[in-house]
Amino acid sequence: MAAEKTKQVVSVEDLDKKAAAKELARLAEDIAYHDARYHREDAPEIADADYDALRRRNDAIEARFPDLVRSDSPSKRVGAAPAAGFGKVRHAVAMLSLSNAFDAEDVEDFVDRVRRFLGLDQEHPIAFTAEPKIDGLSISLRYEAGAFVRAATRGDGAEGEDVTANVSVIKAIPKKLKGRGVPELLEVRGEIYMAPNDFAALNAAQEASGDKVFANPRNAAAGSLRQLDTTVTAARPLKFFAYGWGAVSKLPKTSQFDMCQAFKGWGLPVNTDMVRIENVADMLAIYEDIASRRAELVYDIDGVVYKVDDLALQDRLGFVSRSPRWAIAHKFAAEQAITVINDIDIQVGRTGALTPVAKLQPVTVGGVVVSNATLHNGDEIARKDIRVGDWVVVQRAGDVIPQVVSVVLDKRPKKSKPFVFPETCPACGRVAEQESDAETGKQDVVRRCPGGFACPAQTIERLRHFVSRNAFDIDGLGEKNIQAFYDLGLIGVPQDIFSLEENDKTQKLRLKDREGWGVQSAGKLFAAIEARRSISLDRFIYALGIRHVGETTARVLARVYGDAESWVVAMTSAAADSDSTAYTDLVAIDGIGTTAADAIAAFFSDADNAKIVDALLANVTPQPLESVAVESPISGKTVVFTGTLEKMTRSEAKDRAERLGAKVSGSVSKKTDYVVAGSDAGSKLKKAETLDVDVLSEDEWLALIARA
């Protein structure tokens, strides 16, 4: 679910109530997805900073529109529901998460909020504890009469997974608490983790045996704990730190710090870096100290946790939503690391873009071992003077591929040479072109191979796009199988997909007999392909992979042209002559413009692309979009909006017109039926009057569509 495109985010202050409700629904879905990936599947897709940003946006919208808070709001939920395969445990005391601070001001605000809530002035001392925030797997351990009886993961905060059998074989966790003052009932909260050196050794062993290699120590710890075979868990070097508690029959101490010292006396491992402090200055000093020692620690951390030390004050402060008022996590900024560029690889994407990627000496950045970093383009390499053999600062802040921030010049090898960006495609040898903007004349920084399907690198990426989720979405044709079928010569262009079953009958080695396949899986693939011989026109257009034609543009084109034949005829005419009516009409469509129109024209002017479209239409029947409203007074009419509308936004007006069957254009021509003029209408209104096009006020327009 990782984001595939960038869109402008409307600030919380600019959201109206309708937009806010829609945004809260999206955030609830996105956060629930990422909670499951992190807490249940141990395979996060975004960095902590990006996840935190989603949470903060949700909280800010809810604060502005409290009546819109959803029943499934992330603010009411912690983690994710337990995974299948383990029993469920209902936590006697919820396992909540912490609010986050990202800078000194946030920490100051936290302390001020504590004081305001308690009604304490600046003169009243409040002690806090500070300790490293371990990046591991949260766990709850239940002890009765000092004996370990059960273990559960955090889960969704209210209910977790029963991992008692697995935890019982972890040597670092005592099976019997010792010493005096152990409560009759005690639920210990803590973190199971794996030391970086143990993680490296485990991954080396996994790779040597051909088994799964883990992305980072946290994933390794979580994966080890969730083994159905406890002997595997027992063999893994898992460690544990206790830092809190849930249900307890009686607390023998009155402070957070003293309780953790009691844990230590009972045989539970606690972090010796925990300290007691008294003010914000101390908090920030501890933060800087721990951050400076981060690389030397024998455990991964992602921040520092501050807690009000006095348990009576904790009890008064209580909880808000999914977190305690008396604690906060001061998170580290995007982590950086220094490593060496072993090589610079030029990768060719679906649109022919040549993208340089640094091949790094593997290094852990932000909890993930990385070996690649994007260099963006040739201009970026030249600007930073990045060379093979350079030591560089690498940063990972949520990107799938980390970025090279800068070069460590004093470590540059004496014989290093500037990198020369290739002028030809490394995959097919064609000259890679740098396009120029038709209006500004400015040259594009990206070089592109014009080979299209004639370029093997682009072919693979274009085929993957063709079968992707929002295109043909063919179950069983993922990236791996596309590559395999291409290597076998079974698929070279999109239309080959629809001949796959027929051609398979002529192969010496049938698909069902190949490794990893069988009669059932091959049959399912052929059935999935057959089911996609009928597809909506917008999906068909999007699947072609035309540059600058995304899902939204494809939907606009499908709605305007109605059916595949009309669209292809019009696009072919537009490609043949930029002065043609077809090209003019294409540019005039609201939401298209010259950039997309030129890209479409370029696609259809290529003979190979035209053949692919014709061949596909011989195998596939694109279906028109959902029929428009019946007997609408504007059905089939071309409408242009100009000026400022008072009773609806321009987007709302456009959407309503299109749903009633109108074609919304961005320019006025003889084919325009109505121009809807708001206040401050300009040149479009004048042109409409010159061409004798019907001009409607906003009220007249609303009266017209009211008859629909």
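Residues numbered from 1 in each chain as written. Predicted model: local features only at pLDDT ≥ 70, side-chain atom pairs only at ≥ 80, totals over all residues. Heavy atoms only, no water.

Caption draft 1: A look at the overall build of the protein chain. Looking only at helices and strands, the protein chain has 24 helices and 26 strands in total. In terms of its C-alpha atoms, the protein chain occupies a principal-axis envelope of roughly 90 × 70 × 60 Å. In the protein chain, which comprises 708 residues, the proportion classed as buried is 46%. Within the protein chain, contacts between residues separated by at least 24 positions form 68% of all contacts whose residues are at least 6 apart in sequence. On the protein chain, roughly 34,800 Å² of surface is accessible, and the fraction owed to carbon and sulfur atoms is 49%. (Helix = DSSP H or I, 4+ residues; strand = E, 2+ residues; numbered from the N terminus. Buried < 20%, exposed > 50% of the residue type's maximum accessible area, 1.4 Å probe, protein only. Contact = heavy atoms within 4.5 Å. Areas by Shrake-Rupley, 256 points an atom, 1.4 Å probe, with all protein chains shown as cover.)

Caption draft 2: Fine view of the pattern of salt bridges. Counted according to the given criterion, the structure contains 27 salt bridges. One salt bridge connects Asp-390 with Arg-412, and the closest N-O pair in it is separated by 2.8 Å. With Asp-390 in the loop between α11 (378-384) and β17 (391-396) and Arg-412 in the loop between β18 (403-407) and β19 (433-436), the pair connects residues that are 22 residues apart, well separated along the chain. A relative accessible area of 0% means that Asp-390 is categorised as buried. The class of Arg-412 is buried, set by a relative accessible area of 18%. Connected via shared salt-bridge partners are Glu-23, Arg-26, Asp-30 and Arg-57. (Salt bridge = Lys/Arg side-chain N within 4 Å of Asp/Glu carboxyl O.)

Caption draft 3: A look at the environment of Ile-301. Positionally, Ile-301 belongs in strand β10 (residues 301-308). For the pair Ile-301 and Ile-134, spaced 167 residues apart in sequence, the C-alpha to C-alpha distance is 4.5 Å. Ignoring sequence-local partners within four residues, the contact set of Ile-301 consists of Pro-132, Lys-133, Ile-134, Asp-135, Ile-290, Arg-294 and Phe-332.

Caption draft 4: Main features of the nonpolar core. Grouped together as the largest cluster of nonpolar side chains are 56 residues, with contacts concentrated most on Leu-557, Trp-567 and Leu-586. One finds Ile-139, Val-163, Met-194 and Phe-199 within the second-largest nonpolar core, a separate group that totals 33 residues. (Core = buried A, V, L, I, M, F, W, Y, C linked by side-chain atoms within 4.5 Å.)

Caption draft 5: Quick peek at the side chain of Lys-307. Within the secondary structure layout, Lys-307 lies in strand β10. Since its relative accessible area comes to 8%, Lys-307 is described here as buried. A distance of 3.2 Å separates a polar atom in the side chain of Lys-307 from the backbone oxygen of Tyr-243. (Polar contact = N/O pair within 3.5 Å; in protein donor to acceptor, adjacent residues only side chain to side chain.)

Caption draft 6: Focus on the sheet that holds strand β13 (residues 327-331). Strand order in this open sheet of five strands is β2-β13-β10-β3-β9, and the pairing throughout is mixed. For this open sheet the edge positions go to β2 (99-101) and β9 (275-277), each flanked by a neighbour on one side alone. Pairs of neighbouring strands in the sheet enclose a mean axial angle of 35°, with direction left out of account. In this structure, β2 lies alongside β13, joined through three bridges in parallel fashion. Directly across from Ser-99, in β13, lies its bridge partner Ile-328. Along the sheet, helix α3 (residues 104-118) contacts β2, β3 (128-134), β10 and β13; its crossing angle with β13, the most-contacted strand, is approximately 175°. Along the sheet, helix α9 (residues 280-292) makes contact with β3, β9, β10 and β13, crossing β10 at roughly 155°. (Pairing = 2+ DSSP bridges. Axes fitted to C-alpha atoms, helices over the stretch in contact; angles between N-to-C directions.)

Caption draft 7: Region of interest: unusual backbone geometry. For His-376, which is not a glycine, the phi torsion comes out positive at approximately 70°. You can call His-376 partly exposed: its relative accessible area is 35%. Residue Asp-473 is not a glycine yet carries a positive backbone phi of 50°. Tracing the backbone through its elements, the reader meets Asp-473 in the loop between α12 (456-466) and α13 (479-487). The partly exposed category is assigned to Asp-473, whose relative accessible area is 39%.

Caption draft 8: Representation of the sheet that holds strand β4 (residues 137-144) in the model. Strand order across the open sheet formed by four strands is β5-β4-β7-β8, with antiparallel pairing between neighbours. The sheet is open, and its two edges are formed by β5 (147-153) and β8 (239-248), each paired on a single side. Strand-to-strand twist of the sheet, defined as the mean angle between neighbouring strand axes without regard to direction, takes the value 30°. In this fold helix α8 (residues 256-265) packs onto β7 (185-193) and β8, with an angle of close to 115° to the strand it touches most, β8.

Caption draft 9: The packing of α3 against α9, seen in detail. One way to put it is that α3 packs onto α9 with a least axis distance of 10 Å and a crossing angle of 140°. When the axis of α3 is compared with that of α9, the two are oblique. Like other packed secondary-structure pairs, α3 and α9 cross with a definite hand, here right-handed. For the pair α3 and α9, contact is made by Ala-104, Val-107, Glu-108, Phe-110 and Val-111 and by Val-280, Met-283 and Leu-284, respectively. (Parallel < 35°, antiparallel > 145°, perpendicular 65-115°, else oblique. Left-handed = near helix turned anticlockwise from the far one by under 90°.)

Caption draft 10: Summary view of the packing of helix α18 (residues 564-576) against helix α19 (residues 581-588). At a minimum axis separation of 7 Å, α18 and α19 run at an interaxial angle of 105°. The pairing of α18 with α19 is recorded here as roughly perpendicular in orientation. Between α18 and α19, the residues in contact are Ala-570, Met-571, Ser-573 and Ala-574 and Ala-582, Tyr-583 and Leu-586, respectively. Considered class by class, the residues forming the contact of α18 with α19 number six nonpolar, one polar and no charged. (Nonpolar A, V, L, I, M, F, W, Y, C, P; charged D, E, K, R; others polar.)

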